[in-house]
Structure formats: C-alpha cells, structure tokens
Amino acid sequence: MMDNMDNMKEKITEHIEYRKSCEAKVVAAHPCYSSKAHRTFGRVHLPVAPKCNVQCNFCVRKFACANENRPGVTTKVISPDEAVETVRRAVSSEPRIRVVGIAGPGDPLANDETIEAFNLVKEEFPSLIRCMSTNGLLLPDRIDELDAAGVITLTVTVNALDPEIGEKIYSFVKYKGKTHRGKEAFEILSKNQLDGISMAVKRGMVVKVNSVLIPGINDRHLVEVAKKVKGLGAYTMNILPLIPQGRFSSLRPPTPEEIEAARSECEAVIRQFTDCVQCRADAVGVPGEECGIGRGRGSGSNSIGIIQNQQEDTRNAFEM
Ligand code: CLF
Ligand code: SF4
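None of the values given here were measured: they were computed from a predicted structure.

Conventions used here
Residue indices follow the written sequence of each chain, beginning from 1 at its first position. Lettering for chains starts from A, numbering for ligands starts from 1, and both go in the order in which the items are written. The predicted nature of this model means local features are confined to residues of pLDDT at least 70 and side-chain atom pairs, given and counted, to a pLDDT of 80 or more, with totals for whole chains, interfaces and linings taken over all residues. To obtain the side-chain values, all non-hydrogen atoms of the structure were used and water was disregarded. For this document, the term salt bridge refers to a Lys or Arg side-chain nitrogen within 4 Å of an Asp or Glu carboxyl oxygen. Runs of E in the DSSP output that reach at least two residues are strands. Runs of H or I that reach at least four are helices, and both are numbered from the N terminus. Axes here mean lines fitted to C-alpha atoms, for a helix over just the part in contact, with angles spanning 0 to 180 degrees between N-to-C directions. The labels follow the angle: roughly parallel below 35 degrees, roughly antiparallel above 145, roughly perpendicular from 65 to 115, and oblique for the rest. Here a crossing is called left-handed whenever its near helix is offset anticlockwise from the far helix by less than a right angle, and right-handed whenever the offset is clockwise. Contacts: residue pairs with any heavy atoms within 4.5 Å of one another. For this classification, the nonpolar set comprises Ala, Val, Leu, Ile, Met, Phe, Trp, Tyr, Cys and Pro, the charged set comprises Asp, Glu, Lys and Arg, and every other residue, Gly included, is treated as polar. Two strands are counted as paired when DSSP detects at least two bridges linking them. The rule for a residue being near a molecule or strand is that one of its heavy atoms must lie within 4 Å of it. Throughout, exposure labels follow a simple rule: accessible area from a 1.4 Å probe, protein chains only, divided by the maximum for the residue type, with under 20% read as buried, over 50% as exposed, and the rest as partly exposed. The set of buried Ala, Val, Leu, Ile, Met, Phe, Trp, Tyr and Cys residues whose side-chain atoms join them within 4.5 Å is what this entry labels a nonpolar core. The crossover handedness rule: strands pointing away from the viewer, path from first strand over the helix to second strand clockwise, crossover right-handed.

Asks: Requested: an account of the pattern of salt bridges, with residues and values cited.
Replies: When their charged atoms lie close together, side chains carrying opposite charge are able to pair. One pass over the full model with this rule turns up 14 salt bridges. In this structure, Glu-124 engages Arg-88 in a salt bridge whose closest nitrogen and oxygen atoms are separated by 2.7 Å. One end of the pair, Glu-124, is in helix 5 (residues 112-124); the other, Arg-88, is in helix 4 (residues 80-93), and 36 residues separate them in sequence. Between Glu-94 and Arg-96 there is a salt bridge whose closest N-O contact spans 3.0 Å.

Asks: Which residues make up the packing of helix 6 (residues 139-148) against helix 8 (residues 182-202), and what values do they have?
Replies: The interhelical angle for the contact between helix 6 and helix 8, taken along N-to-C directions, is 25°, at an axis separation of 9 Å. Classified by the interaxial angle, the pair formed by helix 6 and helix 8 is roughly parallel. Every pair of crossing elements has a handedness; the one defined by helix 6 and helix 8 is right-handed. Counted together, Leu-139, Pro-140 and Ile-143 of helix 6 and Asn-192, Asp-195, Gly-196, Ile-197, Met-199 and Ala-200 of helix 8 form the full contact between these two elements. Class assignment of the residues belonging to the contact of helix 6 with helix 8 gives a composition of six nonpolar, two polar and one charged.

Asks: Please give an account of the sheet that holds strand 3 (residues 97-102) that cites residues and values.
Replies: Taking strand neighbours across the sheet as the criterion, the seven strands line up as 9-8-5-4-3-1-10 in an open arrangement whose pairing is mixed. Two strands close off the open sheet at either side, each with one partner strand: strand 9 (236-241) and strand 10 (284-285).

Asks: Provide a residue-level description of the site of ligand 2, including the pertinent values.
Replies: Around ligand 2 sit Cys-52, Val-54, Gln-55, Cys-56, Cys-59, Arg-61, Cys-65, Ala-66, Asn-67, Pro-105, Gly-106 and Asn-135, and those are all the residues in its vicinity. Classifying every residue of the shell around ligand 2 by side-chain character gives seven nonpolar, four polar and one charged.

Asks: Would you mind going over the pairing of strand 1 (residues 42-45) in detail, with residue names and values included?
Replies: Side chains Gly-42 and Val-44 project from strand 1 onto one buried face, and the interleaved Arg-43 and His-45 project onto a second face that is buried too. Pairing between strand 1 and strand 10: two bridges, direction antiparallel. Within strand 10, the position partnered with Val-44 by the bridge is Val-284.

Asks: Please set out the nonpolar core residue by residue, giving values where relevant.
Replies: Most often, soluble globular proteins keep nonpolar side chains buried together rather than apart. Ranked by size, the top nonpolar core spans 72 residues in total, and within it Leu-46, Phe-58, Leu-146 and Leu-154 carry the most contacts. Ranked by residues supplied to this core, first place goes to helix 8 with seven residues. In this structure, Phe-58 is in contact with Ala-66, Asn-67, Asn-159, Ile-169, Val-212, Ile-214, Leu-242, Ile-243, Gln-245 and Phe-248, ignoring residues within four places of it in sequence. Residues Cys-22, Val-27, Ile-152 and Tyr-235 belong to the second largest nonpolar core, which totals 13 residues.

Asks: Describe in detail the pairing of strand 5 (residues 151-157), supporting the description with residues and values.
Replies: Where a strand is regular, its side chains alternate between the two sheet faces. The element strand 5 is largely enclosed, with a buried count of seven among its seven residues. Two elements, strand 4 (residues 129-134) and strand 5, share five bridges in a ladder whose sense is parallel. Looking at the pairing, Arg-130 lines up with Val-151 of strand 5. Between the parallel elements strand 4 and strand 5, the chain passes through helix 6 in a crossover that is right-handed. Bridge analysis of strand 5 against strand 8 (residues 206-213) gives five bridges, and the strand direction is parallel. Note that in strand 8 the partner of Thr-153 across the bridge is Val-206.

Following this line, the structure appears as structure tokens:
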C-alpha cells in the first residue's frame, strides 16, 4: 500500500518536473506568451463551448466571452469531432500553428465538450500546445481533467480581489446548481479563481491572468491583482481594455494612457503581455498578423475558410 502511494507520488513529481522543464519551450512557441512568438506562430481556436456560468457586466451573451474575445462578433458552435477536423484543416493550411485553444464562446469549463475536444486533439496532434481560457469558477473542480487532457497553458480572468469591487463587475454566479448574487457570488468566484491558479501552477501549467481594465471600477486595483497572482505562481498578465457593452455600455473605455499606466505599474510585479488582439472564439492564424487588416481589432483571421461563422446567431446557447 505504502509502495503504491510512493510510486504514485513519484509519478506525479516526475510529471510536474517534466511540465516545468517545458516552460521555456512552451513560452517560445506560444503567440500569447511572448511578443516574438505572437508574430511568428499561430493558434487555432475551437468554438466548442457555448454555455457560461457567470454574468460579467461587460458581456452580452449572444456574442463570445468578452474576457478573452472581441465582443460583438458571434461564433458558430462546433462539436468536438468538427473541432478535430478544424485542427486538421488549420495545420495543413497554416504550418505555423503551434497552439490549439478553447476560449468560448462561453466559458470552456461550463461545457463537457471542451475536455472531449482536448482529448481528441491530444490523440491526433500530441505536439500542439493545448491552451484554455476560463473565468475560473470551475477550475478547482475540473483541474485534473484538464491536466489529463494535456492542457499546458491556461488563462484565468481575474478582474478583482476585493468583494466591494468584484460585486460591481459580476451580476451572478451559478455554482453547483445554485445562483448567487452580490458579494457572495464574487467571493465564490474569486476563491475558485485563486485556488484554481495555484492548483494549475502546481501541476506545471503556464498560467496567464487576463484582467479587463474598467475605468472607475478596478483601474486602481489591478496592481493588487498582479501581486496576488504573481504570488500564486502565474507567469504573465494581460491587461485588456473594457469594450463597453451590456450593463457597462454607459461606461467609457480606458484611454491608451490609462492602459499604459496600469501595465507599467503591474510590470514592476509580473511580466506583462501587451500584444493581445482580443481574438474571436474561432480565430485561426498568427495573431501578430491580424492587426490593421481592416476588419477591426482582433477579428482573428479565419480567411482560410476553416469555419463559417459570420454573425451566426447563438442566442440562448449561452445559458446553462
Ligand atoms: Fe487562444 Fe487565449 Fe490560448 Fe491565446 S488567444 S486561448 S491564450 S491561444 Fe491570445 Fe487572443 Fe489575446 Fe487570448 S491574442 S485574446 S491572449
Ligand atoms: Fe461573458 Fe461568461 Fe465570458 Fe463573462 S465569463 S465574459 S459572462 S461568456
């Protein structure tokens, strides 16, 4: 019995050490972890995840998850089998693709299809980096499934730590069959985000934290977020400007100077990723080549015809 336990511990330690030894390689090939890779390598997003379990006040549910994706463009949801076919076509059309990401259009962890798709992709394309972006609510509950599916890079959106601020950003959180509101909702979400980051780091995942800069709400608070997530072992932070919509449609977006100020303040604490193009949930290609192509910020090039997704209406698909 003791021998079995020791063997298991040894295997887990080996697995984590192997993961950690891959960090430099992963970062060098991942377009969302370094400026150089951003212009050199590509990612393919698989829009297999329509449902969401929280309501961020800057999100309109008929579009894609605004924690990572450019709001205002809806995405056609595909099945895990279609997702594998999407990867096949993507890698044959764009040999620079190194990453397979799931970033919506809802929260990936609120959809079993996410794990299913990662497992299928792992089987056929073991060398591609598997990447996921989440609001973090279900991270502690599903971290072992992600680990087993070989997810190596993980983005968690953390917009606040302080419940006074957090309750202004989220309308509700649906967790374990119950809907929570106000500070209580934020406290559940925040605990799971922070525990989840720590659990992911302990499993050797390379963690990026996205934070949406919301003027007048969390602009002075992001440095506290930076300190906390750095302490938990996050690798980098990506501060995104609010694009006002939903309940926050009357707020103004931050100015470039405000974004720059927040990034420099946080840079002193944790490295900053500043090239984000706020992709679509079905983006395909090299993100660094998608700016200034006349389709608006972060439209994500799927011009190679991989997915037909223009303004497909997925209303109601987002509710759990
Ligand atoms: Fe996709 Fe996100 Fe992975 Fe990148 S996008 S799941 S970490 S592979 Fe990248 Fe796009 Fe910015 Fe995201 S540029 S929105 S940071
Ligand atoms: Fe919208 Fe859910 Fe993403 Fe929040 S986590 S931006 S509510 S899809």
